[in-house]
Every structure is written in C-alpha cells, then in structure tokens.
Amino acid sequence: MSDEVRIDPRTAPEACTTMAEVREGVDALDRALVTLMAERQRYMEAAARIKPSRDVVHDDWRIEDVVSKVLAAAREQGLSPDIAEPVWRKLIERCIAHEFSAWDRTRA
C-alpha cells in the first residue's frame, strides 16, 4: 500500500467555468478522502488492538488535541473552522464508536 493518495485529474476550482468541472473536482476529491478515511479507520482498529482496556477507548483530552490540531491545519489551508470543527467532531465520534466495536471483536 502506498502512502501517497492519488487524486484524479481535475480542473482547479479557480479555473472552473462549468458545473460539470466543479462536480468532477468534487468527485475526485471525495474518492481521495474515502481512501484517507479508510486508512484512518485502520489506525482506529490498531488502537483497539493495542489499548489494554475498553475504558481508555474514549479519551476527552485526545479528542480536544485532535480538534485543536485540525483547526490549526484548517487555518493554514484556508478551510473554514465552521466546516472543519463539526466535521472532525463527527468523524471522531464515529471513529470512537468503530474503535469500541473493534475492541470488543478483538476480545471476543
């Protein structure tokens, strides 16, 4: 598995002149995001395998640490915090639920 995520060719947002170009770009980015999210999920599965207790799956300090880092990266990239924060909080919430399931599966 390559560490590099491939993003299909697309027209830059600033150069789009049609909705077809916009949709093509969004679809290309969505495919790349799915690849990255699948890798993130595998890290959650690794965490479930490594963590010694189900009690440490949910970690409020780590949640806030992740959100803080995401917001800093969002600022650098020009991503609105009004998009970044709720999206990541929901992603984290769902990843924690997945990690609980994975933790339970590894101990069954």
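Quantities reported herein were computed from a predicted structural model and do not represent experimental measurements.

About the cut-offs
- Residues numbered from 1 in each chain as written.
- Predicted model: local features only at pLDDT ≥ 70, side-chain atom pairs only at ≥ 80, totals over all residues.
- Heavy atoms only, no water.
- Axes fitted to C-alpha atoms, helices over the stretch in contact; angles between N-to-C directions.
- Helix = DSSP H or I, 4+ residues; strand = E, 2+ residues; numbered from the N terminus.
- Left-handed = near helix turned anticlockwise from the far one by under 90°.
- Contact = heavy atoms within 4.5 Å.
- Nonpolar A, V, L, I, M, F, W, Y, C, P; charged D, E, K, R; others polar.
- Parallel < 35°, antiparallel > 145°, perpendicular 65-115°, else oblique.

**Q** Give a description of the packing of helix α2 (residues 60-77) against helix α3 (residues 81-107) that names residues and reports values.
**A** At their nearest, the axes of α2 and α3 sit 10 Å apart, and the two run at 145° to each other. As for how α2 packs across α3, the hand of that crossing is right-handed. Of α3, the residues touching α2 (which contributes I63, E64, V66, V67, V70, L71 and A74) are P81, A84, E85, W88, R89, I92 and I96. Broken down by class, the residue content of the contact of α2 with α3 amounts to 11 nonpolar, no polar and three charged.

**Q** Can you lay out the packing of helix α1 (residues 19-50) against α3 for me, pointing to particular residues and giving the numbers?
**A** Angle between the axes and distance between the axes: these two values describe a pair of packed helices. Between α1 and α3, whose axes approach to 8 Å, the crossing angle comes to 45°. As summarised for this structure, α1 and α3 are arranged oblique, according to the angle between their axes. The interaxial crossing formed by α1 with α3 has right-handed handedness. Between α1 and α3, the residues in contact are M37, R40, Q41, M44, E45, A47, A48 and R49 and L91, I92, C95, H98, E99, A102, W103, T106 and R107, respectively. Per-class residue counts for the contact of α1 with α3 are nine nonpolar, three polar and five charged.

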